[in-house]
Each structure stands twice: as structure tokens, then as C-alpha cells.
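# Working through the structure, step by step
Residues per chain, in single letters:
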Amino acid sequence: MKLIDGKKISSEIKEEIAQEVHELLAKGGKKPHLAAILVGNDGGSETYVAHKVKACEQVGFDSTLIRFPDSVSEHELIEKIKEVNQNADIDGLIVQLPIPEHISEEKVIECIDPKKDVDGFHPANVGRMVAGMPAFVSATPNGILELLSRYQIETSGKHCVVIGRSNIVGRPMSILLSQKRTTGNATVTVCHSRTENLKEISKQADIVIAALGKPEFLTADMVKEGAVIIDVGTTRVKSDKTKSGWKLKGDVKFDEVAEKASYITPVPGGVGPMTIVSLLKNTLLAAQKKV
Ligand code: GUN
């Protein structure tokens, strides 16, 4: 079994991005600038946004964190998004999800300028991605493609089973892997909460992408010998062994699945750091007006 080291690969990519920023500045350009909107103080979202802001610093981007309390109205949030859309100094904008239930996620996403939508959530970007046109692609699936590519894991002709059909991960992942592209050309099956005989299907997979958000869902009896296992899960579970009182658990029962896998991503240190560098890459593309 080989461990797929997302932390190492993400550090290498950050160095590449920092180099591109140098070149951009040397040519008289400005620093790429990412704005992140965070509503409320959910612990997970706080951590993710803090990581994103820190990563911007590491590669030489500017970043702006805009915070609102849980009680913010939909109108107020949308007005802020429109203001950022108009701000020529800001290249990319993300609204960290989830947002409170009284605010429509759809309306918020549709309000982001597609040219600044570095999360790739706007229907214009989703549509362009599906059509194989230049688009901002959702960060987690893009990060997974980058990992598969850098570890030279063949996807062409392989059977990939994606477990989970979310707009952020499962759905775009399944489309990207099936497309005629590098790190694509796979035969893809999407499984979800209503799938019957999931185990029979996952056992046929050459590559499993577990993105359903259920800690330790994928067990050794559900995978075939030599499969490649990508774990997207990041659920916080209580732990008396850590200072914070919780630890991150993936969707894969790591120890037993690792014994059968040819490659496997750990949690933390697998897909998570790649999501952040994919966001940085999209922000760089936005600054360079390449999408
Ligand atoms: N919540 C969970 N993942 C993401 C992500 O990739 N982007 C945003 N904006 N919110 C998220």
C-alpha cells in the first residue's frame, strides 16, 4: 500500500503558485486577491476559512475575510456580494457553506459574479464544466484529479465508484472522471443513500471516491484487493485524546481498508490540503483572467 500524501503535494503546488505570483508581479501585475465571506461561527467553517486565509499569505496573495453574525439577513449578505463583485481589486470570492437556513444558498451562489466564483459553484461555471469549456472547477474534485495525476494513477478505462452525489464533491467528481480529458475517460458509477447493494458495486471499483460524510462507512469487505481509495470525509468526532476534544474522521475505515488498497489517502493530510491549493489555483486563474 502506498499513502497518497496530500500535504506534500499541496506544499509543492504552493511553491509553484508562489513562483507564478513572483512572475506576475515582475511583469507589473498585482497580487491575486481572494475574499472569503463567513457567516456565523461554526467551528468547522472557522477552521476551513482560517486555513484558506493562511494559504493565501503563504503564496503571496492578498486576502480579505468578511464576517457576518448568524442573524445577518439575506438582503444584507447579497448586498455585500454585489459590492465585492464590483470591487476591481478582488479577483475571487467564496461564501463558506453551510449558511444559515433563513438564507437561500441558491440565491447567494447565483449572485456571485461567475468570473470571481473561484469555488466553481455558480450554475454558469457548473454548466461550462459539464460542457468541457474553460471554467472554475469545484476545489475538492479538482484537488483529487491533481492527486491522481501526480501519483500517475491511471483513470482511463477504469471503473470509478463515487459514493455521494453532493453539488460540491460527488456530482462534479463523477462528471470530471467520465470526461474525455487527462485524468478522465473512466467508467463511473455514482452511489448514494438510496443505492441498493452498494457493497456489490464498490467491490467492482478500481478507484473508490468516498464522499458521503459518514465516518468509517467504507470497510474492507466493500473494496477489492488493489483498489485506489480516496477519502473525502472530514467529520468531527468526539475524542478524549486531543486538546480540542474532537478529531477528524474520514469516510473510510483506514486501518483495515489500507491493507487491501494499492493507494489510499489519509484523513487528515490527504484530500483536505488539496482542496485549499485548488482554490488558490482558481484564484490565480481569476487574477490572470484565464477563465
Ligand atoms: N463548505 C464545504 N466545502 C466547501 C467549499 O469547498 N467551499 C465553500 N465555500 N464552502 C464549503
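In this report, we go over the structure that sits alongside the text.

Cut-off values and rules
- Residues numbered from 1 in each chain as written.
- Predicted model: local features only at pLDDT ≥ 70, side-chain atom pairs only at ≥ 80, totals over all residues.
- Heavy atoms only, no water.
- Disulfide = S-S within 2.5 Å.
- Pairing = 2+ DSSP bridges.
- Helix = DSSP H or I, 4+ residues; strand = E, 2+ residues; numbered from the N terminus.
- Contact = heavy atoms within 4.5 Å.
- Axes fitted to C-alpha atoms, helices over the stretch in contact; angles between N-to-C directions.
- Parallel < 35°, antiparallel > 145°, perpendicular 65-115°, else oblique.
- Left-handed = near helix turned anticlockwise from the far one by under 90°.
- Nonpolar A, V, L, I, M, F, W, Y, C, P; charged D, E, K, R; others polar.
- Buried < 20%, exposed > 50% of the residue type's maximum accessible area, 1.4 Å probe, protein only.
- Lys, Arg positive; Asp, Glu negative; His and termini not counted.
- Salt bridge = Lys/Arg side-chain N within 4 Å of Asp/Glu carboxyl O.
- Near = heavy atom within 4 Å.
- Polar contact = N/O pair within 3.5 Å; in protein donor to acceptor, adjacent residues only side chain to side chain.
- Areas by Shrake-Rupley, 256 points an atom, 1.4 Å probe, with all protein chains shown as cover.
- Expected span 1.5 Å × (residues − 1).
- Arc of directions from axis to C-beta.
- Right-handed = clockwise from strand over helix to strand, strands pointing away.

## Remarks on the state of the cysteines
In the structure shown here, the tally under the stated rule is 0 disulfides. As a non-bridged cysteine, C160 has C191 as the owner of its nearest cysteine sulfur, 12 Å distant.

## Comments concerning the sheet that holds strand β6 (residues 187-191)
What links the strands of a sheet is backbone hydrogen bonding, and the strands pair in either a parallel or an antiparallel sense. The 6 strands are arranged β1-β11-β8-β7-β5-β6 in an open sheet whose pairing can be described as parallel. For this open sheet the edge positions go to β1 (2-3) and β6, each flanked by a neighbour on one side alone. Bridging between strand β5 (residues 159-163) and strand β7 (residues 207-210) involves 4 bridges; their strand directions are parallel. Residue pairing across strands places I163 opposite A210, the latter belonging to β7. Across the face of the sheet, helix α7 (residues 170-178) comes into contact with β5, β6 and β7 while running at roughly 170° to β5.

## As for the packing of helix α2 (residues 43-59) against helix α10 (residues 271-287)
Remark: α2 packs on α10, axes separated minimally by 10 Å, with the N-to-C direction vectors making an angle of 55°. When the interaxial angle is binned, α2 and α10 end up oblique. Pair α2 / α10 crosses with right-handed handedness. Across the interface between the two elements, H51, K52, A55, C56 and V59 from α2 touch I276, L279 and L280 from α10. Looking at the contact of α2 with α10, its residues break down into 6 nonpolar, 1 polar and 1 charged.

## Details of the side chain of K52
Its place among the elements puts K52 in helix α2. We note that K52 is buried and unpaired, the nearest opposite charge coming from D119 at a distance of 5.1 Å. Setting aside residues up to four positions removed in sequence, K52 forms contacts with I94, Q96, I276 and L279.

## Examining the site of the ligand
Taken together, K52, V95, Q96, L97, D119 and F121 are the residues near the ligand. In the model, a nitrogen atom of the ligand is placed 2.8 Å from a nitrogen or oxygen of the V95 main chain. Take L97: an N or O atom from its main chain is 3.0 Å from a nitrogen atom of the ligand. Calculation on the ligand without its partners gives an accessible area of 280 Å², and the protein chains cover 82% of this total. Tallied by class, the residues present in the shell around the ligand amount to 3 nonpolar, 1 polar and 2 charged.

## So, the environment of E16
Examined against the element boundaries, E16 turns out to sit in helix α1 (residues 6-26). Looking at E16, the relative accessible area reads 37%, which means it is partly exposed. Between the C-alpha atoms of E16 and V188, which are 172 residues apart in sequence, the distance is 31 Å.

## So, helix α3 (residues 74-86)
The first and last C-alpha atoms of α3 sit 19 Å apart over 13 residues, in line with the 18 Å expected at 1.5 Å per residue. Residues of α3 that are buried: E74, L77, I78, I81, V84 and N85. Relative to the axis of α3, the buried residues are bounded by an arc of 115° and lie together on one face. The exposed residues of α3 that point more than 90 degrees off its buried face are H75 and Q86. Next to the buried residues of α3 lie β2 (33-39), β3 (62-68), β4 (92-95) and α4 (105-111).

## Observations concerning the pairing of β5
Most of β5 is tucked away: 5 of the 5 residues are buried. Neither face of β5 is open: one carries H159, V161 and I163, the other C160 and V162, and all of them are buried. In this fold, β5 hands off to α7, which returns the chain to β6; that crossover is right-handed.

## Looking at the side chain of S45
Inspection of the secondary structure assignment puts S45 in helix α2. Setting aside residues no more than four positions away along its own chain, S45 makes contact with L38, Q96, L97 and P98.

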